[in-house]
Amino acid sequence: MVNKGNTASERNIVLTMLLELEKGKKSHLILNETLSEYGYLDKVKRSFITRLFKGCIERQIELDYIINQYSKLKVKKMKPIIRNVLRMAVYQLKYMPSIPQSAACNEAVKLAKKRGFYNLKGFVNGVLRNIIRNMDSIEYPKDELENISVTYSVPLWLVKKLSTQYSLDELKAVFKALYVTPGTFVRCNTSKASVEDIIENLEYNGCSVNKSEYLNEALIISGYDKLENLDVFKSGMITVQNISSMFPVIAADLKKGDLVIDVCAAPGGKSLHAAEKLTVLGGGEVISRDLSKQKVYLINDNNKRCGYKNIKTEVLDATKLDELVVGKADVILVDVPCSGMGVMAKKPDIKYNLDEQGIEELIKLQHKIVKVASKYLKVGGTMVFSTCTINKDENDTQWIVDELPFEKKIVDNRLFKKELFKGNELRMLPTMDGCDGFYVGVFTKIND
């Protein structure tokens, strides 16, 4: 990271972040660490850093497409610093109209010089001036799938794959939704305060609050500076959680005294939700597990504010059978590893790191985890299978009733404010109320 004592501009900070991304670090981790390190900056500067960093990743294919039209040296052959300086400038030119074109260009040239590329300042200036002159006449691909790929910066192979599962209009709507920021979803912990009291507290502290159209305890908030400074957050009255990932616990329809095992729990949203529900019901226990100490630390860290005593965390590989709990659980939550196509709005680098072989391996891993986890259920118990992907190949759960002792469990839509489930399934697209793309399937164990 840039040293705090450095007088570097916000653009220089973003350049450092983009270079870290090229080294393989995850975008959400880079962003969280940077905003923490530069927490002393005012809200406007932190917002600029966030938007420019995420924007350059979200629009990378389009930015490179534009640069390649006006540069003899193609983006892939450029030095990392230069290509990212150009990407940042072009993003500002196209998507940040409040920034004068001359400023975007001049600051890029200064940044190239600052990073030791004085001899390339003319190249940077020339490419950007050429783009500025032609910005309104850039031609995009005529082939429809290629056009979608460039316009929404989604790899062509992925556009082609999803076009076999969705209509092109649906696909465009999904990709367009990736660029909409609805606010922050939070779940009200009703064991600590009523939804009405939480809303009143948030509004008193200057937040804008909207109720979700799907769940009473889900809110969308905006207008705050730092979430961690809000009283309702510090006291554990709210938990940051996208509404899509609230649906599995609601659909499980927990009962007092239930034993819930969450086999792939980190960072712990569903485990905490289940613990909160059982607290309200008057009793029950959650066993919350994940693969590594680091992941389990995240669960424990997230529970510090909430302080639920009915949750036990354990390090365990979900593909390894734990004989001690075979046949003992009333509910198992199986949020399996997936491609993450439903959360590309939050983690835009996901789309560049996917490939067909990797997805096939993930599906095999999902099957292995489900087969092991299913053994923990009592006969008559409920399994909730979920993913945060819109890829239907990863959400094909027919095999569960074909190969395992399960039948589909019809979900009572009265648990929600709207009719959401079709039978035992819910498929959410990012076009719905700012939700993540998500899949939930609910099943009942019928024998051992």
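Okay, so let's go over this structure. Treat the numbers as computed from the prediction; the structure is a model and nothing was measured. (Residues numbered from 1 in each chain as written. Predicted model: local features only at pLDDT ≥ 70, side-chain atom pairs only at ≥ 80, totals over all residues. Heavy atoms only, no water.)

1. Observations regarding the overall build of the chain
To keep things clear, this is the line we draw: Labels follow the DSSP assignment, with helices taken as runs of H or I lasting at least four residues and strands as runs of E lasting at least two, numbered in each case from the N terminus. Just to be clear, the radius of gyration here is over C-alpha atoms, and the globule rule we use is 2.2 Å times residues to the power 0.38. For each residue, the accessible area found with a 1.4 Å probe, counting protein chains only, is set against the maximum for its type, and the residue is called buried under 20%, exposed over 50%, and partly exposed in between. Here the Shrake-Rupley method, with its probe set to 1.4 Å, supplies the accessible areas, and only the displayed protein chains count as covering residues. Two residue types count as positive, namely Lys and Arg, and two as negative, namely Asp and Glu; His and chain ends fall outside the count. Taken as the charge location is NZ of Lys, CZ of Arg, CG of Asp or CD of Glu.
For the chain, the count of helices and strands is 17 helices and 12 strands. The C-alpha radius of gyration of the chain comes to 24 Å, within 12% of the 22 Å expected for a compact globule of 448 residues. Counting only C-alpha atoms and orienting by the principal axes, one finds that the chain spans roughly 70 × 50 × 40 Å. For the chain, the residues scored as buried account for 52% of the 448 residues in total. A total of about 20,400 Å² of accessible surface is found on the chain, and carbon and sulfur atoms cover 49% of it. Positive and negative charge centroids in the chain, built from 66 and 56 side chains respectively, lie 7 Å apart.

2. Re the pairing of strand β3 (residues 218-222)
To be explicit about the condition: A pair of strands is considered paired only if DSSP assigns at least 2 bridges between the two.
Most of β3 sits out of view: 4 of its 5 residues are buried. Judged from the 4 bridges that link them, strand β2 (residues 208-211) and β3 form a sheet pairing that is antiparallel. Bridging across to β3, S208 finds its partner in S222. With antiparallel pairing between neighbouring strands as the criterion, β2 and β3 make up a hairpin whose turn holds 6 residues.

3. What about the nonpolar core?
Filter applied, for reference: What makes a nonpolar core is a set of buried Ala, Val, Leu, Ile, Met, Phe, Trp, Tyr and Cys residues whose side-chain atoms join them at distances within 4.5 Å. Contact between two residues is taken to exist if any of their heavy atoms lie within 4.5 Å; hydrogens are not considered.
In this structure, V124, L128 and I131 are the most contacted members of the largest nonpolar core, which totals 49 residues. Only α1 (10-22), α2 (27-37), α3 (43-58), α4 (60-70), α5 (80-95), α6 (101-114) and α7 (121-134) provide two or more residues apiece to this core. Considering every element that reaches this core, the biggest residue donor is α5, with 10 residues. In contact with I131, other than residues within four places in its own chain, are I66, I67, Y70, V90 and L93. In terms of nonpolar packing, the next biggest core, distinct from the first, is built from 35 residues, A274, L278, Y308 and F438 among them.

4. Some words on the packing of α1 against α6
Rules: The angle between two axes is taken between their N-to-C directions and runs from 0 to 180 degrees, where each axis is a line fitted to C-alpha atoms and a helix contributes only its stretch in contact. Relative orientations are named as follows: roughly parallel for angles under 35 degrees, roughly antiparallel for angles over 145 degrees, roughly perpendicular for angles from 65 to 115 degrees, and oblique for any other angle. Helix crossings get a hand from a simple test, with the near helix turned counterclockwise from the far one by less than a right angle marking a left-handed crossing and a clockwise turn marking a right-handed one. For this classification, Asp, Glu, Lys and Arg are treated as charged, while Ala, Val, Leu, Ile, Met, Phe, Trp, Tyr, Cys and Pro are nonpolar and the rest, including Gly, are polar.
Packing of α1 against α6 leaves a shortest axis separation of 10 Å and a crossing angle of 60°. Taken together, the axis directions place α1 and α6 in an arrangement best described as oblique. With respect to the hand of their crossing, α1 and α6 are arranged in right-handed fashion. Where α1 abuts α6, its residues R11, N12 and L15 lie against E107, L111 and K114. Looking at the contact of α1 with α6, its residues break down into 2 nonpolar, 1 polar and 3 charged.

5. Observations regarding the environment of N147
One can find N147 in helix α8 (residues 144-152). When sequence neighbours within four positions are dropped, the list of residues in contact with N147 reads Y140 and P141.

6. A closer look at the packing of aromatic side chains
The test is simple: Put simply, two rings from Phe, Tyr or Trp (the six-membered ring, in Trp's case) pair if the centres are within 6.5 Å, and we call them stacked under 30 degrees between planes, edge-to-face over 60, tilted for the rest. Should the NZ of a Lys or the CZ of an Arg lie within 6 Å of a ring centre and within 35 degrees of the ring normal, that charge is described as sitting over the ring.
Under the criterion given, the structure shown has 8 aromatic pairs. Taken together, a centroid distance of 5.6 Å and an interplanar angle of 75° make the contact between F247 and F416 edge-to-face. One end of the pair, F247, is in helix α13 (residues 247-252); the other, F416, is in the loop between β10 (406-408) and β11 (425-428), and 169 residues separate them in sequence. Judged by relative accessible area, F247 falls into the buried class, the value being 0%. Ring plane angle 70° and centroid distance 6.1 Å describe the contact between F385 and Y439, whose orientation is recorded as edge-to-face. Residue F385 is located in strand β9 (residues 377-387), and its partner Y439 is located in strand β12 (residues 438-445); the two are separated by 54 residues in the primary sequence. The exposure class assigned to Y439 is buried, which follows from its relative accessible area of 0%. Following the ring pairs from residue to residue traces out a cluster consisting of Y214, F247, F416 and F421. Over the face of the ring belonging to Y118 we find K121, whose NZ or CZ atom lies 5.1 Å from the ring centre. Seen from the ring of Y166, K392 lies directly overhead, with NZ or CZ sitting 4.7 Å from the centre.

7. Some words on α5
Counted only if it meets this: How far a helix is expected to stretch is found by multiplying one less than its residue total by 1.5 Å.
The end-to-end C-alpha separation of α5 is 22 Å, in line with the 22 Å expected for 16 residues at 1.5 Å each. The element α5 is largely enclosed, with a buried count of 14 among its 16 residues.

8. Quick look at a negative patch on the surface
Selection rule: Nonpolar side chains (Val, Leu, Ile, Met, Phe, Trp, Tyr) within 5 Å and like charges within 9 Å form the patches, drawn only from residues with over 30% relative accessible area and no salt bridge. Here a salt bridge means any side-chain nitrogen of Lys or Arg lying within 4 Å of a carboxyl oxygen belonging to Asp or Glu.
Residues E196, D197, E200 and E203 make up a contiguous surface patch of negative charge. Mapped onto the secondary structure, E200 falls in helix α11 (residues 195-204). Note on E200: relative accessible area 55%, which makes it exposed.

9. As for the packing of α4 against α5
Here α4 crosses α5 at 100°, and the two axes come no closer than 10 Å. Between α4 and α5, the angle is such that the two are roughly perpendicular. In this structure, α4 uses Q60, E62, L63, D64, I66 and I67 to contact α5, whose residues at the interface are L86, R87, V90, Y91, K94 and Y95. Residues that form the contact of α4 with α5 fall into these classes: 7 nonpolar, 1 polar and 4 charged.

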